[in-house]
Amino acid sequence: MRYSVEIKKFLYSQYFYGGLRMAVGVSLPAVICLLLFHQQELGFTIATGALGACVVDMPGPLKYKHNEMLACSVIGFLSALATGIATVNPVALWCTVVPLTFVLSLIVVYGNRWPQISFATLFMMIMTLEEHFTPMQALVNAAWILAGGLWYTYWSTLVSRWQMHRIEQQALAESVFACADYLLARSDFYDLDNDLDECYRKLVAKQIAAVERQDAARDIVLRNLPKLKSGKLEPRRAMLFNLFINTVDLHELFVGAHTDYPMVRNTFGGSDMLTFYRDLIRKAAADLEEVGLAVLQNQPPRSRVNVKAELRAIEFEIDLMRKHEMPAKNPEAYSAVSATFRRLWSATRLIDKMRKSLSSEARTTETELRLDQALSRFVSSRRVPFGQIFSNLTMASPSFRHALRVTIAVAVGFWLGRLLPLTNAYWIVMTTVIILKPGYSLTKQRNGQRIVGTLIGCTASIALMVFVKEPHILLVVMFASMVMSYSLLLFNYAASVVFTSAYVLLMFHLLAPGSMRIIGERAIDTVVGCAIAIAASHLFPYWEYRLMGKLVNSMIAATRQYLEASWWWSGKPVAIATAVVTEAGARAPAAAMADPAGSFGAAGFGGANFGAAALASAGANLAANANANANAKMKPVESAGEADAKTAATVAAAAVGAATVGAAAVGAATTPAATAAAVALERDYRYRLARKNVHVAFANLGQAFQRMMLEPKAAQKFVPELNDLLVRSHVLASQITAAAPLLRTSAQQQDSVSLQPLQRVLSVVRDNLTEAEAGIAPPADQAEETKQISRELDAMVVEAEISADHSADAVHELKLLAHQCKQMLAAANQIRKDASVIRLPDE
């Protein structure tokens, strides 16, 4: 690990910037009230509202974050007001706190930032528990809390708007770093010292992280698209948009580089081939990390990692294999390593392109993907269905159970706080609320981290108080601890707790010097609160496996839809001698040329319904220019999305009129070229959307599986099957990604060779996924059917080899496609087998 690089990544990251913004926003009102007005209590009250609002200040679109902080401030005001009024009478307080806790805990049903709003409003309520107010005092106190919340809301909004471009850069850089980490996980497969099962577990974790970072970047970048200014696009936003598209396509290339690792290890384990691949991938990851650092630091990349030696070494090894007739002796192994090499070479070229876009002095005025309203399909809606809370008032709802647990835990903590000596009820209740999460696994994890972090923080605070007597130094340490506490909260909770404990205790020490009693009290309160939280987590448990049935079906369905969206060759173009387009236009996806009813029918694509005549005319334009491929030995592979975006842009430029996306545009287009542009662009968007959905579905299931593994053994269901299902699903998605551009190319070949075996194998893969969703076991003759399909694919390749209409490059690509299809079939068969065994609630 390069610690200097990791430190740079942290100091320039959204986490540190956010922590600094939060620390200043929370502490500034307290400092002003204390120094200028000598109103310590007022400063703390305002800071309470600011601290509640800052809980919601997490990376995301500014518009929604502003609204969520406003909602948090208003709800927090109402909860603090109700609690403050009830403090006049113990019975009234109990009758207020219990139902209020339940309602505030139940609003987690709305998702997005509502769990944070739930905690923040509970925090404002808890900070009022120990007070004794008259109704007017309660109103004034709640008003000051509201003022603190509003102050922080507009402070954060102002700073975030000022740093909008910086925030986009940080989110994009996080996505690039996650992609580099995923690539490093891939490199481990080529190291014979690494266990394959462990490599797969690591790869799944890195894939989940990469999808999360991509989704966060997508949510920001696609909600702030480049706009026209003086007839030109905003250069900075256009550059960030292009970098995001390139990052997504780069991740697709890496995913598609998956291969049959056991076969590769067995075949090439004694050669230098695996070492070259490992070093190439690691160097590419380091180069990509440099690109991410350049984005993060807002400067051109400083250094370039040279991968020419590894590329040439692998190319030499592949040429050597060809001379030894390995394509004939062991076509599977040869296809595996050559296809991986092509995709990795393409990935290095794309990284170079990203590097040049950052170092170029020219202002970016064009985008990688056409800016269109269709891009709104890639971001999720943040609308809040307020009536949803009523449909969750049942024990079948995990949110309802969570609300019951929190309510009982708060009541018990409040009672113990009043009963036990040397304890403060609000700190016990606060600890309980912080630790209790909707899932048992996260509660258990947070509990251990909270105890360890508090003990370390208390120990460090005592050492500082004993050895450092200068208040100014302690004040600086306290503020630095506050910044670090907020900075580490999202990705290192244990370290965040250490700094939180330190700055809270230092603050009390500065306000009441010489009092060590409070440290012991806080430690006792924390232990009591943790004990209550871990005990309450066993009440009304809603184990993770109860949610996983739906997630399994969602992932299988998303994979099937991804296969359908990638099935470019669903029909053959009709030859019409009109409207010649460019060579790039000739490489448009065959799906843009064909009648979608050719293979799937209307239901198969589930997207826009294009007329057969319109698609046939589109095919006429694109069939006019046939294949113009480079040398297959070194020809790079574009991601399907990248190629189709270029195709759509090129055809659109040649069109007489610009056509908008969608069925209406197809009907309105005045030329066949414009029709082809509209259809190709729509297909590209649909492919990208299906690709995004399959990655998100995989990440959701992977996270649920990880949480389940932290639960008691009795609550862990179908662990081997679910683990295998995750691995096979990732393998299948990788193979689909790799096959998509090959399917497109195969559609443009001459009709001298029947592609029926390809259509059959893809139909069988799709049918297997459909049956897997229904939980239907594979037939007894599945193995024989698989062998028969494999023989048909081999016969198709042999027929292409002896055909005069197929060049060597076309035959090579057909071999690669046949290999990918066999891998897809094997993965789909295993997915169906696993899904038929898994019996989980589909709730």
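Residues numbered from 1 in each chain as written. Predicted model: local features only at pLDDT ≥ 70, side-chain atom pairs only at ≥ 80, totals over all residues. Heavy atoms only, no water.

A. Representation of the overall build of the chain in the model. Secondary structure summary: the chain contains 33 helices and two strands in total. Scored against the burial criterion, the 843 residues of the chain give a buried share of 56%. (Helix = DSSP H or I, 4+ residues; strand = E, 2+ residues; numbered from the N terminus. Buried < 20%, exposed > 50% of the residue type's maximum accessible area, 1.4 Å probe, protein only.)

B. Helix 12 (residues 273–297), seen in detail. Here helix 12 spans 36 Å end to end across 25 residues, near enough to the 36 Å set by a 1.5 Å rise per residue. Within helix 12, 19 of the 25 residues are buried, leaving the element largely enclosed by the surrounding structure. Immediately downstream of helix 12, the backbone of N298 shows phi near 55°, a positive value. (Expected span 1.5 Å × (residues − 1).)

C. Representation of the packing of helix 18 (residues 425–435) against helix 19 (residues 440–467) in the model. The contact between helix 18 and helix 19 brings their axes to 9 Å, and the two run at 135°. When the axes of helix 18 and helix 19 are compared, the pair comes out oblique. Between helix 18 and helix 19, the residues in contact are T431, I434 and I435 and T443, R446, N447 and R450, respectively. Counted by class, the contact of helix 18 with helix 19 contains two nonpolar, three polar and two charged residues. (Axes fitted to C-alpha atoms, helices over the stretch in contact; angles between N-to-C directions. Parallel < 35°, antiparallel > 145°, perpendicular 65-115°, else oblique. Contact = heavy atoms within 4.5 Å. Nonpolar A, V, L, I, M, F, W, Y, C, P; charged D, E, K, R; others polar.)

D. Representation of the packing of aromatic side chains within the structure. Under the criterion given, the structure shown has 17 aromatic pairs. For the ring pair Y15 and F491, a centre distance of 4.9 Å and an interplane angle of 50° mean the geometry is tilted. In this pair, Y15 is assigned in helix 2 (residues 14–35) and F491 in the loop between helix 20 (471–488) and helix 21 (493–511), connecting sequence segments 476 residues apart. For the ring pair Y190 and Y261, a centre distance of 5.6 Å and an interplane angle of 85° mean the geometry is edge-to-face. Of this pair, Y190 sits in the loop between helix 8 (164–187) and helix 9 (196–221) while Y261 is found in helix 11 (residues 261–268), placing the two residues 71 residues apart along the sequence. (Phe/Tyr/Trp six-rings, centres within 6.5 Å; stacked < 30°, edge-to-face > 60°.)

E. Local environment of unusual backbone geometry. Phi is positive for H38, which is not a glycine, with a value near 55°. Its place among the elements puts H38 in the loop between helix 2 and helix 3 (40–54). Here the phi dihedral of F540 falls at roughly 45°; this positive angle occurs in a residue that is not glycine. A relative accessible area of 32% means that F540 is categorised as partly exposed.

F. Geometry of the side chain of T153. Within the secondary structure, T153 sits in helix 7 (residues 135–162). Assessed through its relative accessible area of 0%, T153 is described here as buried. Separated by 2.8 Å, the side chain of T153 and the backbone oxygen of G149 make a polar contact. Contacts of T153, omitting those with residues within four sequence positions, involve A53, H66, M69, L70 and S73. (Polar contact = N/O pair within 3.5 Å; in protein donor to acceptor, adjacent residues only side chain to side chain.)

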